[in-house]
Each structure stands twice: as structure tokens, then as C-alpha cells.
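# Reading the structure
Listed here are the chains, written in short residue letters.
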Amino acid sequence: MEHIRTPKVENVHMIDRLTPRKSTAGTLYLSSTHTIFVENSEARKETWVLHSLVYNVERLPTNPSGSPLLIRCKNFHVYRLLIPQEKDCLDVLASLTRLSRPECYGELFCFSFNPNLDKELREKAWGFIDLKAEFSRMGIPSNLWHVTAANHEYRLCETYPSELFVPKSAFPAVIVGSAKFRSRGRLPVLSYFHRDTSASICRSSQPLSGFSARSADDEQMLHAIMKSNPVSELMYVVDTRPKLNAMANRATGKGYENEDHYTNIKLQFVGIENIHVMRSSQQKLVDVGELPAPSMSDFLWGLENSGWLKHIKAVLDAGVFIAKAVAEDGVSVLVHCSDGWDRTAQACSLASVLLDPYYRTIKGLMVLIEKDWVSFGHKFSHRYAHLDGDPKEVSPVMDQFLECVWQLMQQFPCAFEFNERFLIQLHTHIYSCQYGNFIGNCQKERRDLRLQERTHSLWPHLWENRAEYTNPLYRTDHSQTQGVLKPLTTAYCFKFWKGMYGHADKSVASHQSPADCLNAVREESQQLEEELSAHQERLAQLKEKKTSGGRKKTNKLSERVRRPIPIESKLSSPLDYFTATRSEKHSPSFTLPLELAAPPKNGDPDDLSTCSDFESGVADLSSHSSSAGDDTKDHDSDEAVKSNT
Amino acid sequence: MELSEHIKTANVEDVTLRRPFHPALRGTLCVTSHHLLFSNRKDEASWQLLILLKNIDAIEKSVENLFGYPRAVGSSGTITIKCKDLLVLQLEIPGMEECLNIASSIEALSSLESVTEMYPFFYRPSHLTLLGPWGLSTTEQYYKQTERLWDRWRVSKVNSDYSVCPSYPSAVIVPREVDDDKLIRSARFRQGGRFPVLSYCHHSNGMVIMRSSQPLTGANKKRCKEDELLLQAVIDGSELGYIIDLRSAQQAQQARMTGGGFESKSCYRHWKRIHRHHERGKVVQESLIKLVEACSDLSHSVDRWLSKLENSKWLSHVHSALSTAGLVVECVERDGHSVLVHGSEGTDNTLLVSSLAQIILDPASRTVTGFLCLLEREWIQAGHPFQQRCAHSAYSHARLKQECPSFLLLLDCVWQVWRQFPLALEFSEALLLRLAQEVYASNYGTFLCNNEQERCAAGVKENTHCLFQSMLKPDIEEQYLNPLYEPTDLAIWPSVHPQSLQLWTGMFLRWTEYAQNMEEAREEVWSIVKEHRERV
């Protein structure tokens, strides 16, 4: 609280970037966790922005109408405020800047977030995802693979989980020796075992090979992994870096495996760029989304220039290569990059999604993230800037993984149990620090922070609301659901992810969602079925009693049948095809360029469903403290609101 | 010359057919006057591929053994057939001479000029009859059905012998108070005689969309009193109307040098002119060619693909068409004013914009029947020169001047609207794809010729079947329905933000695996909806 210089500013305007005249007046509140904007209008619509989701705050030059303030969020929402007094603006700026950059873990939202679960439930919630069960689902331990205690108390490798699966044939000395020969001790261990072919995906960091060094233990370790796949005489080592980068690492005593030193390995580079390249590429992509009135060419050129889709393709290509090796060639693969926690996690988890239909379910994707990302030490707090720290550590690694899954969903509309909203919700929570799951950089850190005692787990919360995240086209018996996915990776298959980056254009389009419509249809079908049987029962009873109640019932039934009609206000709100500065209705000035797509006047349809929850105003902040991240109450965030109000 | 005289080799055995994403097949190839038939007999089952020769846009032949041994064992040739619906096939034909014969027959027969020799004049399916009315509706019927027109508008037969405007239908709808003499005068003042006629009357406020060609003001700023009166009668008392000129202000100025021009402020005082630049003709055709070329190269890197996509400018055309249509709708629906749309000839972009505006505005044009009626009214009767515009598609090497995929552009724009409002249109993507195919090569007479007059002369109505009628047969119609259709009376304002416009994959990536998965998704949607309906 001590960081809040001014808790309340009145007469603030929330400016709509595309149609400045649609700006709304209201009051701005700063709480210790959220920035809240409450409209002065009848509906008192509220916008909540979680501090930990704020990427940066920028003050633009003061103009006669006030001081503009720009709040950019990590989920690519942008809020434009106009604050009448410059002093207030400076205060808000200073407060927000401080609040959005926590300096220690203790300041994070997850430690104050309290959804009123009792202790027992909270503990149970943390057990929702069980990695041991996941490995046994794969058939591990088996006669060839077992769990090793080598990393008990994180003695061998601080950033790995304490339980590691390794080939039975690898002796403890080999394990220790191999860890010594790998950057940060991240030795080759099992990530995924493919039952059909007995081929496995293992992961590690780069070897400390330099120009000539070698380790008999590491060589034995790889041999043991290869031998754990009895039918194959070969194994791939996939180095996910561009070859040049890998070679450059040799100068610092690291590098890649020398094929001559290892028996029957085949080295393959797949050329995913490093975190710095990705960070700047995403920034360029976000800038494209923010262009004020781009032409088609501006947009396509910007998209090309950002290089983002090229990188997405590279990541997916890596996954496809690994999945193909495992499923088609039956060859085990060892994947690594430099440290084995960014590109390696991307490649392994994508390959798993392609290989195993289970990871295309809601629960399965949670398990996969918990396994390949959380437990194997992906540096969440560094990459997603949970704390104020080195900006060079920040990079959209997970964003890329989620986007690759989204791109796959575009190609295989029936293959995934979850929908786009689920991915966006995951993305928000990776950044939001509302739940403890993604806090810290490895298992050890999380244990030391006692996160399980002090914070809540996201997974059961998502699971409870899974109806909202379900893809209606998913069917377990569908051909796209079965077996290995073989996506096309032709350039034209990669699209701009509008749901994630396209917040500039919150137009009508998204409100007529076929998926929602189908979900409604499905739900209704089920309801109908239930109602029907209930009515049949009652009718049978009534027939016996010979009353006239029957007819009424059928009427009710037919009313029910009508499908949800698109919200009218939605469709009727025109975009401005004229210009931005039309002062009066009858005298448009046609000199300015076309102004494109403006958000509808009357807000989202979701508002209609949720605004009643907010009538009470800000008075009861506590009841809203659970709301996810920032919500302008659109799809990806109102779920949290609903569940807590 | 009889068509059959073009056929030197009618049958070849042992031909190998290669199609994208299918295993190669061996079979017999036949060339007839209008078709290419490939049939494959494997055990009992036989499989046939029938291609209209008119659908073939380009063929490429490569013959091995060019050096003097024409009948040598093993000599063979390969013909690559590129169809107007963007399918590409390869035929390996044993025997060089046969290969060359087949190729030359295809070349000759696929580019027939005479309308009455075309296949629609020979197509006689058993389930259709040539008796009865042709087409879905006429101007008179449309007028009769549209009650809100009765008061202020009338049907004029001034063009009954096509002498006033050769490209207009025999009947048009004009303001009641303007008599036929004035229309004749106005027609003389408009390029090709295309005087302003009614295209659409908005149900909620009675405002109208008119369309015409450019006025022939010329360098001397000529005036035509009747034309001015005609437009005055359109707005009848209200203080303002908008003229949406589909050329930039500069182009409109330049048009005066060649006898064309625009409505000047001083002569049309109650009309406000807005210029929106639209590319036309050759430029759009070249966009299509570039786009298809970009789509067919699978080896592109992402960067190269995006740069080729950008460079084709196809999506830019989609963008401007939808933006201008949105502007028209905004004038009519939001500002409550009537609009006149024209470019120069008034046969391409004009029709594109006026019909898109109607889809955005008018719920009636979003049904299957309504949409087909709209196409019939606004494209076929309104005299879009289909024969000239659709003579070739993206593969042809013959670069004629008249080609322009305006109609395909319309379908693409409608697809964008459909994608943004998946519940608002009664028809599905399948209908758009079918139309995209039929417009280039068809069994039906609907898209033959360039206007009503030509169709009359050729006897199209008497001797061919109507595509739209056949598409509306109940058993056929279902495949064109949108399972999620939920009618709305409101205008559906499409987003024209570049992020919201996408490549029409169903069309341009039609013959790839990509389309396959989408098809499965479509089936899944249907099965859910059907299941639901059964329960209801």
C-alpha cells in the first residue's frame, strides 16, 4: 500500500484508440493489486487491470485536455487514460511503475490472492497434477527405464526435478559423470516415452565439449539411452540451435556432441533462434498490431518484417522432426539447446503434442506444461518478468509454444479438446502471478518459497471451468484425434494470431463465434435430452391422472429450443468507414483516410452477462480480488470473475 | 469446322494420371468435343474423372525422345493441365504423337469462341427440363415483390429492344416521376448508355443505392439536364445524396480528357461526391495470377510467402472493396441518405460494391435464394461481361485485355463477411466455391455471354439450363446451407482492419491437405447440428 501515492482520481477518460470520440469518463482507483476504472455511466462498467500484468506505463506529453497515460499489458492489451491534472498523472505513473515491478517474490499477487479455499482443499488442489502418474501412463518405470535418486535434494542439478527417469543400464557413476559433462549439470533424462515404438524423447543441456573435450560417462549415457530402445541401432541428437550458434559455443568450452565420439548418433540442427532474437521479433509483431490505420500492405509487410511467423515455423519444424523420428523411424531422440530449458522445452513439448493425443486434451496439456516446463526448470520468473530484473532474461518462449499449439488447432480443428480461450487464459496466468504454479525458476526455488503452502494452484481452477474451454468439434473417436498429427509446415499455413495480438481490432467478428454457438447447441441438446426424459416420465404419470398439464409442458419445451441469438447491439454497431473526426452526423468530412474497425459502442455481449455482478461498484474490492489479471471483461478473463463473484 | 475435327486421337490407353495428394492412377484417356475423360478400371470398381475442356486454363507439354524416333518404344509425353478452378493435373501419355495430338485437341477445344458451340447448349440432364421460366426472377417480379418501391419508383421498358443501353436488361427500375424520354437523354450522357438505375432500396428507411456508369462531361464540362433531374428525383426532397466514385479524384479528372468525367458540385448541388480508388481490369487479373503463383510454390519460406502475398495485392483489393461497401452502407443506414455508385464503365467494381453493400444491409440477400437472386439481378441482368472477364483464370499464358476476376473478388469478399459472421449467412462456403468454379466453366448457361442482349441473340434461355435453378433443388441445396444460420435483421458491419482479412484458403488452397482437414471440421459441425435437430 505504501507505494500508492493517490488511491483515487476522478474525471479520468478511458480513450478508445480507434474512435477517440467513443471515450468514456469515469473514476480511476488504485488498489494494492489492481488498477480499476469505473465508468460514470449508468452501467458503471468496470475495467480491472492487474498490476503484475502491466508491461509498462508511459506518459505522453500533456495537452490542454489533460495528461495521457498509456498502460501496456503483458497480454497485449493497451489502455489509454486521460487524466485531467498533470500531478495526478505523475502520481499514478509513479505508483503504477513501482507496483508493476515487484522487487521480491513476497510482493507477488499470488501470496495475497485468497479465493477462500480451506487448507485441505488447497493441498488437494496442488495434487491435481501428478507427474508420477503421468510417467506410469507412458509405461514408466519399465524393465528398461527407472527412477533415479541421483538428484535427491537437488544435489546433482539444481534446476532439475528431484526425481529423474533414466535408462536402467546407466549406472550411478555414469549419471554423475554425464551431469558433470553437461552445462549446469542438466544431464540427459527421459521426457517422453512412446509406447508404440519404444522410442523416447530425452532432454539435456549442451555438452561441455569445447573443441576436443569428451566424457566417457556422457558417451555411455547416450549409448544407454539408445539401447533402451531395443529395436533401434541409432539415435538422433537434435540441437535446436542454429549451427553457427552451436559452433560459437565451442569457444566457451561448450558446444555440441562430436559424432565420432558417440556410437551411432546422428546430430541434427534445427535452427531456432535465441531468446534475444525472439524478444525483439515479438516486439515488432506487437508494434504491427498497434499501427493506427494500417493498409493491407503495411500489415503484411510488418508481419513479414517482424519475422515472428518464421520463428513459429522453426519451433514447429523442430517438433515435427522429433515426432517423425520417434513415430515413423522408431528412433530415440535427445534434444538440447544451450541450457536446455527454453528451446528444448518447446521442441520436446511440441513433439509430445504431435505424438500423443492425450496432450491434446485439457488435462493433458496441463500435465505436459507441468512436466516439460514447470518441473524441468523453465525459468518462468525470469522469462516473464515476474520480478523487476534483467530485461535481457525476458523472452516469449512459452508464448511461442502456445502459439504453435494454436497454429496446429487451425490446421486440425477437430484434434484438440481445448479451444483458443484456454490457450489465452494459460498465457495470461503465466504472466499474472495470481497462482503459484509459474512462480520461480525451478522446482527447488518453488520448494524453498513454500509455494504449495502459501499460494493456490491454477490447474483445478481451470479444470472446474473446463466447459468454457472446450472445443465443440473435439470427439475422441475422430480421425484427427487419433494417433500422430502430421501438420503441414508450408509457409501459408502460418497465420497471425488475432485472438492474442489483435486487440486493436475488437470488432464484431469475434462475437459471432461458431464454437460458442456449437457449444450452446451441444449443451442444449443435452439439456433437451434430460428435459425430454423428465417430461416423458411426468407425462406418463399425468396420463394416468388424466390432467391437462401435459400441453403446457410442451410449449415450454419449444421455447427452450431456440438457439442463442447473436446479441443485437453487437451486430448493429457500425464501424466507421468514414473518418475519425466526424463532428456532426450530417457533415462528414471525407478528407481523412478511412478509419478502420472500431469496437462496438455497447461493449461485449459478455458485459451483458457480467455487468450485473458489478453493480455493487468498487466498494467491495475484496470480493473481486480474485479476478484474473486485467479484465475488460472479455472472454479470456471474465471466467475468473464469474467464478468468484 | 465441326468440333470433332479437332480431335485427332480420341482414345489413349495406359495413361498415368497424377493429382495432388492422391496416388498415381493408370487408365484410359478420352477426348470428346467438350470433355476430357479419364477412367480407371481396377478389378470391378471403376473411377472416372471428367473435366470440362472449358475448365482448362493452360496446358504444358513435355515430350521425351525429341530426336527423331517418334514411334520408338518408350517414347512418351507428359501433359500438365492447369484448370480454371486451380486444380493441376499431370497426364503421362505413352506415344509422342498421341501426346501431341491430345494436347493440340485440348488447346483448340478449350478456347472455343462461339457461345452456341459451348457445352451448356448440349447439356441435357434427365432431372432438368428446358420448359418453364429461365432464371429466378425478373425486374418486374422483383418490383412486384418489393412493396416499398411501388410508391416512388416504376419499371421502365425504355430499353426493351436494348437500344438505349446495350448492356442493361430490358426492364429497369427508375424514379416514377422521370419519363422514358428523360431516361434516353440521360443514357446518352452516360458511358455505354448506363444511366442511373435502382439497385437496392433499404427496408428500414427507404433510402436507395443507385448505380450507373460515369457521366460523359468531357473536357468542356458538358451538362445534361435530364441526368441532373433524374438524380434530383432520386433524392426527392431530402437534402443530400452521396455519389461514391470508385476512382481517385485524379483519375476522375483525367477521365474528362477521354470524354468521361464526374458529376460536378455545381450541377448536382444536392449530391456529395466521395472518391475511393479501386484497381480494375488488368491489375486485378495480375493480382490473381500472382496470388495463385504464390500459393502453388510450397518451398517458400515464411518471409517469402508473406512478401509474395503482399506483393500480389489481392487482399488489398478485398480490403478496398469491403471498405467502400461499408462506406455505402454507412451512408444509407447510418446517415440515412441515398447513394449513387459508379466507376467508369459501371460493369465491374460498381456491381461489386453495390452487391456487397446489399449483403451487409439486407437480411434477404443473405439467404441462399436471396443471394442467388442478388447475383442474378446485380451481375447477370446488370450486364457484367462474364464472357470477357472470365475467359481465362490464373494460369493462362494468353493475356487478353478484358479479363478481370471481379466476380471472384466478390466471392472472396462475401467469404470474408461469412467468416466474420459465421451465423448470419444462410449459405456456406461450398456455395461460394461452386460459383467460383461455375463462372469459369459450367454445364449451365447462366454465366454465358456478356449481357441480356447477347443471351437473347444466342438463345441461351431456350437452349441451356439455369445454374441457380438447379442449385435450389431441395436435394442439392442442403450442401450449400450453413448449419449455424441464425437470421438477423440488422446490418452486419464487417471489420476491414487488415488483421481481420484473411487469405481465402478454401479457394486458393483448395487442392491441398489443408482443405482436407477443414472439410472434416465442416462435417463435424454438420453432424453436431444434425444430432441436435434430431433431438429437437
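Residues numbered from 1 in each chain as written. Chains lettered and ligands numbered in written order. Predicted model: local features only at pLDDT ≥ 70, side-chain atom pairs only at ≥ 80, totals over all residues. Heavy atoms only, no water.

Attention shifts here to the overall build of chain B. What chain B contains, in helices and strands, is 19 helices and 14 strands. Computed over C-alpha atoms, the radius of gyration of chain B comes to 25 Å, within 12% of the 24 Å expected from 2.2 N^0.38 for 536 residues, which places it in the range of a compact globule. Counting only C-alpha atoms, chain B reaches 80 × 60 × 55 Å along its principal axes. A total of 536 residues make up chain B; the buried ones form 62% of that total. Across chain B, contacts joining residues at least 24 apart in sequence account for 71% of those joining residues at least 6 apart. Total accessible area on chain B stands at roughly 21,100 Å², and carbon and sulfur atoms take up 49% of it. Taken as two groups, the 57 positive and 65 negative side-chain charges of chain B have centres that lie 7 Å from each other. (Helix = DSSP H or I, 4+ residues; strand = E, 2+ residues; numbered from the N terminus. Rg over C-alpha atoms; globule rule 2.2 N^0.38 Å. Buried < 20%, exposed > 50% of the residue type's maximum accessible area, 1.4 Å probe, protein only. Contact = heavy atoms within 4.5 Å. Areas by Shrake-Rupley, 256 points an atom, 1.4 Å probe, with all protein chains shown as cover. Lys, Arg positive; Asp, Glu negative; His and termini not counted. Charge placed at Lys NZ, Arg CZ, Asp CG, Glu CD.)

Further remarks concern the UniProt feature "domain: Myotubularin phosphatase" (unreviewed entry) in chain A. Mapped onto this numbering, the UniProt entry annotates "domain: Myotubularin phosphatase" (unreviewed entry) at residues 125-501 of chain A. For residues 125-501 of chain A, the end-to-end C-alpha separation is 32 Å, with 44% helix and 9% strand making up the annotated structure. (UniProt positions renumbered as here; feature names shortened; annotations may be inferred.)

Time to look at the packing of helix H4 (residues 172-180) of chain A against helix H5 (residues 216-227) of chain A. When two helices pack together, their arrangement is given by the angle between the helix axes and the distance between those axes. All names here are of chain A. The contact between H4 and H5 brings their axes to 7 Å, and the two run at 115 degrees. As summarised for this structure, H4 and H5 are arranged roughly perpendicular, according to the angle between their axes. In the crossing of H4 with H5, the sense of the turn from one axis to the other is left-handed. Contacts from Ala173, Val174, Ile175, Gly177 and Ser178 in H4 reach Asp217, Asp218, Gln220 and Met221 in H5. Tallied by class, the residues present in the contact of H4 with H5 amount to four nonpolar, three polar and two charged. (Axes fitted to C-alpha atoms, helices over the stretch in contact; angles between N-to-C directions. Parallel < 35°, antiparallel > 145°, perpendicular 65-115°, else oblique. Left-handed = near helix turned anticlockwise from the far one by under 90°. Nonpolar A, V, L, I, M, F, W, Y, C, P; charged D, E, K, R; others polar.)

Formed by 238 residues in total, the largest nonpolar core has its most connected members in A:Ile369, A:Phe401, B:Phe371, B:Phe407, B:Leu435, B:Phe468 and B:Phe508. Once residues within four sequence positions are removed from consideration, A:Ile369 is found in contact with A:Val374, A:Met398, A:Phe401, A:Leu426, A:Phe438 and A:Trp459. (Core = buried A, V, L, I, M, F, W, Y, C linked by side-chain atoms within 4.5 Å.)

This brings us to the pairing of strand S1 (residues 8-15) of chain A. Residues and elements named next belong to chain A. Summarising the sheet, S1 and strand S2 (residues 24-30) pair through five bridges and their orientation is antiparallel. Paired with Val9 across the bridge in S2 is Leu28. With three bridges connecting them, S1 and strand S7 (residues 78-83) associate as antiparallel partners. Its bridge partner being in S7, Met14 is matched across the sheet by Leu81. (Pairing = 2+ DSSP bridges.)

Here we take up the domain arrangement of chain B. Residues and elements named next belong to chain B. Each assigned domain of chain B is listed here: domain 1 (3-112), domain 2 (139-503) and domain 3 (504-535). The C-alpha centroid of domain 2 is placed 38 Å from the C-alpha centroid of domain 1. With twelve residues of domain 1 at the contact, the number on the domain 2 side is 13 residues. With both sides pooled, the region where domain 1 packs onto domain 2 buries about 1,100 Å², and carbon together with sulfur makes up 57% of that total. It is Asp57, Lys84 and Leu86 in domain 1 that bury the most area against domain 2; as a group they hold 46% of the surface buried on that side. Viewed at the interface, domain 2 and domain 1 are joined by zero salt bridges. Listing elements by their share of the side of domain 1 that touches domain 2, those giving two or more residues are strand S5 (56-63) and strand S6 (76-83). The leading source of residues in the side of domain 1 that touches domain 2 is S5, at three residues. (Domains from an automatic or database assignment. Buried area = accessible area lost by both parts, 1.4 Å probe. Salt bridge = Lys/Arg side-chain N within 4 Å of Asp/Glu carboxyl O.)

All names here are of chain A. Positionally, Met409 belongs in helix H13 (residues 397-411). Residue Met409 is classed as buried on the basis of its relative accessible area of 12%. Between the C-alpha atoms of Met409 and Pro207, which are 202 residues apart in sequence, the distance is 35 Å. Not counting residues within four places of it along the chain, the set of residues in contact with Met409 comprises Phe416, Phe418, Asn419, Glu420 and Leu423.

With that out of the way, let us pick up the sheet that holds strand S12 (residues 235-239) of chain A. Residues and elements named next belong to chain A. Here five strands make up an open sheet; going across it, the order is S10-S11-S14-S12-S13 and the pairing mixed. Looking at the sheet topology across the chains shown, the edges are occupied by strand S10 (189-193) and strand S13 (265-269). Adjacent strand axes in the sheet meet at a mean angle of 25 degrees when their direction is disregarded. Judged from the four bridges that link them, strand S11 (residues 200-204) and strand S14 (residues 332-336) form a sheet pairing that is parallel. Following the sheet pairing, Cys202 is matched in S14 by Leu334.

Inspection of the secondary structure puts A:Leu90 in helix H1 (residues 86-99). Considering only alpha carbons, one finds A:Leu90 and A:Arg466, 376 residues apart in sequence, at a separation of 42 Å.

Turning our attention to the domain arrangement of chain A. Residues and elements named next belong to chain A. Each assigned domain of chain A is listed with its residue range as follows: domain 1 (8-101) and domain 2 (125-501). Look at where the C-alpha atoms of domain 1 and domain 2 centre, and you get two points 37 Å apart. Contacts between domain 1 and domain 2 engage 13 residues on the former and 18 residues on the latter. Between domain 1 and domain 2, the buried area comes to about 1,200 Å², and carbon and sulfur atoms account for 55% of it.

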